[in-house]
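Topology and contacts: notes
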Amino acid sequence: MSADYAHGKSDPRYATDTYNRGLLSLIHSKNLADGRWAVTTRLGLKLIRDWSGADPGEPELVRGMYAQSRQYGITFSHSGRFGADRLLMRSLHYDIGFSYSRDDDYQVKMLAPAAHNAPVFNATGNSTQQAAILPSQYVGRGGTEGRPISFYVQLGDDFYLGQEGFLHRIAIGAELRSEGNLGRGFYNENPNLPLAQLRSRSFRDIPFLTQFSLYGEDQFDLKIGKTQLKVQAGLRWTLAQPGRTESLSSVMPRINAAYLPTRGLRFRFGYGISAKMPGLLYLYPDPGYLDMQNISATIDGTPYVVYTTRVYDLTNEQLKPMKNRKFEVGADVTLHNGMRFSVTAFHERVNDGFGTLTDEWIAPTVARWASSAVSVEDGKLAYDPQNPTSIDTVLHRIDRPGNCRRSVSRGIEYDFELGRIEATGTSFYLNGSYIVTRNNSSNKIYNTPVGSTTIEQKTMVVYPEGSSTSVDRRYSTALRIVQHIPSIRFVVSATVQAIFYEYNRTINIPEIPVGYVTVDRNHPGATVYVPFTAAQLADPEARFEGFMVKDQIYKSQISNLPETWPPLWSVNLRVTKEVGNGLGFSFYVNNVFFKQPWHKSSISTTLVERNSNLFSYGFEINASF
């Protein structure tokens, strides 16, 4: 049995936040069947409480504003391994697990709407109704209630084939996982005075995510003279949401090899394809809402707003797993004095990353009444629903989840164990990385036509996909020094983290439009895409929908100069003391020197505070029996 308690704060000057965490773990192991069957059962309990709010010295109204988070959870697992000693069944193993948690977040916040007499749109169905009007300042209350629950079962078989000098260690197995949430989800205590203008959706309305997997792996060692080759190859097949129409599957191969030409030297190689299944909010997204104002009038000093809501199903039946292809090579050197040096170079590519598709447009109509056509009778808004002042068309984009993100990362990572000074009991560790990442999207870019003077657009200019690519580079490192003092059972560790180089650049290709999207006048509610011809792009007098084609051809005004930042560092300190057998406590401080400098980048004179919110401190108590 072991127990752990931690308490932390982010700023010693103010009583504005606290963090408390308690963990209790029970483990029972036993051997059965004359030692051939080993079983282990684990039970874990957790309690996490966060609170942040105003300082006691603030005015009474401000002191009532706060945010809190509470988590109460339980985990249970049972695993076992049975020695069957058969040719294709040397060792059978299984693992069963279950977890459940009560996660409650609650917030009280003073809010001031950006717009005067802002309406509240909170309808969840296709309807037309009068909106509540927000005051200039109010207190919003709300939060999120989650009840996450998960279950898994794993079955595996390990056996050996081959002979001395070329032995295959083979592992095969199956796995079933299911997870979901039985909570209420996000809520506003008063929908007309919302903490956030989000439509509530119960987590219980979202199906569980179930995944079934089969896997196989082969490991073998091959001696080549005085050298050795170690190879590990595996294949995994995963089926998500089996038995449902939205089921997805993916095959993930991988291979890792290590060549040991001499003692203390190892060369590594690896290649693999990993797949991530869409999460629940991608498989079962929140509905899309379009709110269109029918009436916006002020009568006798009182504002009135009537709006129409249209609800759209955003499910994407073409959603695919996100696949990540990674290739890496590396080398490990171990010296006779225990020092170890490891360097790895990698290249990683994602072509089907999850994001939001932007190519679907609709053009619904909305009836509108001018202020002169509206009155108040017996305290109720009155207007002739059969005779609107106008019927307008609104161009609206359907934001559907899909596979549109693309990224390429490459870099070098290193991890050094720099040895130990035996006389003082001091150990040194150094690790770091230099990584370059390029991100863009397969979505086309849609811009308001240059020359437009209206708020509600009926035409959008289309530019080719990948018109903007972001390039990020970063070199960071961390030096960890660990001091052991056995005589008083003390361990002191200090970690110096530094970002030596931080670079960002947006590469803007000269943007030549490929066409435009506009309302389809022959099919009400629909839109049409019209491509630009080469002749239109070359003609300085060519027009479309009342706009000049030449005005849409431009180079982005956003600076594409690289942006770099000065080096940045922080120091974390941790002191651990063993009081007795199974009992100890730790004290930690993150960003111990409160390093929060104000820097300006290479292309801006604006000062920005960095390392903000990194400082925190607290203590932990650990006990095991």
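What follows deals with the packing of aromatic side chains. Each aromatic ring pair is characterised by the separation of its centres together with the angle its planes make. Under the definition given, this model contains 18 aromatic pairs. Feature note: the residues Tyr516, Phe532, Phe544 and Phe547 constitute an aromatic cluster, connected by ring pairs. Sitting above the plane of the Tyr152 ring, Arg177 keeps its charged end 4.7 Å from the centroid. Over the ring of Tyr429 we find Arg480, and its NZ or CZ is 4.6 Å from the ring centre.

Note on placement: Asn294 falls in strand β17 (residues 288-299). Residue Asn294 is classed as buried on the basis of its relative accessible area of 6%. Here the side chain of Asn294 touches Thr308 through a polar contact of 2.8 Å, side chain to side chain. Within the local environment of Asn294, its side chain forms a polar contact with the backbone oxygen of Ala367, the two atoms lying 2.8 Å apart. The residues contacting Asn294, other than those within four sequence positions of it, are Thr128, Val306, Tyr307, Thr308, Val366, Ala367, Arg368 and Trp369.

Once that is clear, we can look at the environment of Gln211. Structurally, Gln211 can be placed in strand β13 (residues 209-224). Here Gln211 falls in the partly exposed class, since its relative accessible area comes to 25%. Taking C-alpha positions, Gln211 is 6.1 Å from Gln241, a pair spaced 30 residues apart along the chain. Contact partners of Gln211, with chain neighbours within four places excluded, come to Glu175, Leu176, Arg177, Thr238, Leu239, Ala240 and Met277.

So, about the pairing of strand β31 (residues 515-519). Counted residue by residue, β31 has five buried out of five residues, so it is predominantly covered. Where strand β28 (residues 459-463) and β31 come together, four bridges link them in antiparallel fashion. Across the sheet, the residue bridging to Val462 is Gly515, located in β31. Pairing geometry for β31 and strand β32 (residues 527-531), over five bridges, is antiparallel. Among the inter-strand pairings, Thr518 is bridged to a residue of β32, identified as Val528.

Next up on the list: the sheet that holds strand β7 (residues 127-130). By way of backbone hydrogen bonds, the strands of a sheet pair with one another, either parallel or antiparallel. Across the sheet, which stays open at both edges, the three strands sit in the order β7-β18-β17 with antiparallel pairing between neighbours. Two strands close off the open sheet at either side, each with one partner strand: β7 and β17. For this sheet the average axis-to-axis angle between neighbouring strands, irrespective of direction, equals 20 degrees. Relative to strand β18 (residues 302-312), β7 is paired through four bridges, and the arrangement is antiparallel. Bridging across to β18, Gln129 finds its partner in Tyr307.

All right, on to the environment of Leu319 then. Assignment of secondary structure puts Leu319 in the loop between β18 and β19 (322-334). Measuring from C-alpha to C-alpha, the distance between Leu319 and Val589 comes to 44 Å, with 270 residues separating the pair along the chain. Once residues lying within four places of it in the same chain are set aside, the contact partners of Leu319 are Leu248, Pro278, Tyr282, Leu283, Pro401, Gly402 and Asn403.

On to the side chain of Asp520. Assignment of secondary structure puts Asp520 in the loop between β31 and β32. No salt bridge is formed by the buried Asp520, whose closest oppositely charged neighbour, Arg521, lies at an N-O distance of 7.3 Å. Polar side-chain contacts of Asp520 include one of 3.1 Å to the side chain of His523.

What the four strands build is an open sheet, ordered β27-β28-β31-β32; its pairing is antiparallel. With one partner strand each, in any of the chains shown, β27 (445-447) and β32 form the two edges of the open sheet. Sheet twist, expressed as the mean angle between neighbouring strand axes with direction ignored, is 30 degrees.

What follows covers unusual backbone geometry. A positive phi is found at Gln241, a non-glycine position, where the angle reads about 55 degrees. Among the secondary structure elements, Gln241 is positioned in the loop between β14 (227-240) and β15 (248-262). Even without being a glycine, Arg489 presents a positive backbone phi close to 55 degrees. Note that Arg489 resides in the loop between β29 (468-485) and β30 (490-508). Judged by its relative accessible area of 37%, Arg489 falls in the partly exposed class.

Calculation notes
- Residues numbered from 1 in each chain as written.
- Predicted model: local features only at pLDDT ≥ 70, side-chain atom pairs only at ≥ 80, totals over all residues.
- Heavy atoms only, no water.
- Phe/Tyr/Trp six-rings, centres within 6.5 Å; stacked < 30°, edge-to-face > 60°.
- Lys NZ or Arg CZ within 6 Å of the ring centre and 35° of its normal.
- Helix = DSSP H or I, 4+ residues; strand = E, 2+ residues; numbered from the N terminus.
- Buried < 20%, exposed > 50% of the residue type's maximum accessible area, 1.4 Å probe, protein only.
- Polar contact = N/O pair within 3.5 Å; in protein donor to acceptor, adjacent residues only side chain to side chain.
- Contact = heavy atoms within 4.5 Å.
- Pairing = 2+ DSSP bridges.
- Axes fitted to C-alpha atoms, helices over the stretch in contact; angles between N-to-C directions.
- Lys, Arg positive; Asp, Glu negative; His and termini not counted.
- Salt bridge = Lys/Arg side-chain N within 4 Å of Asp/Glu carboxyl O.

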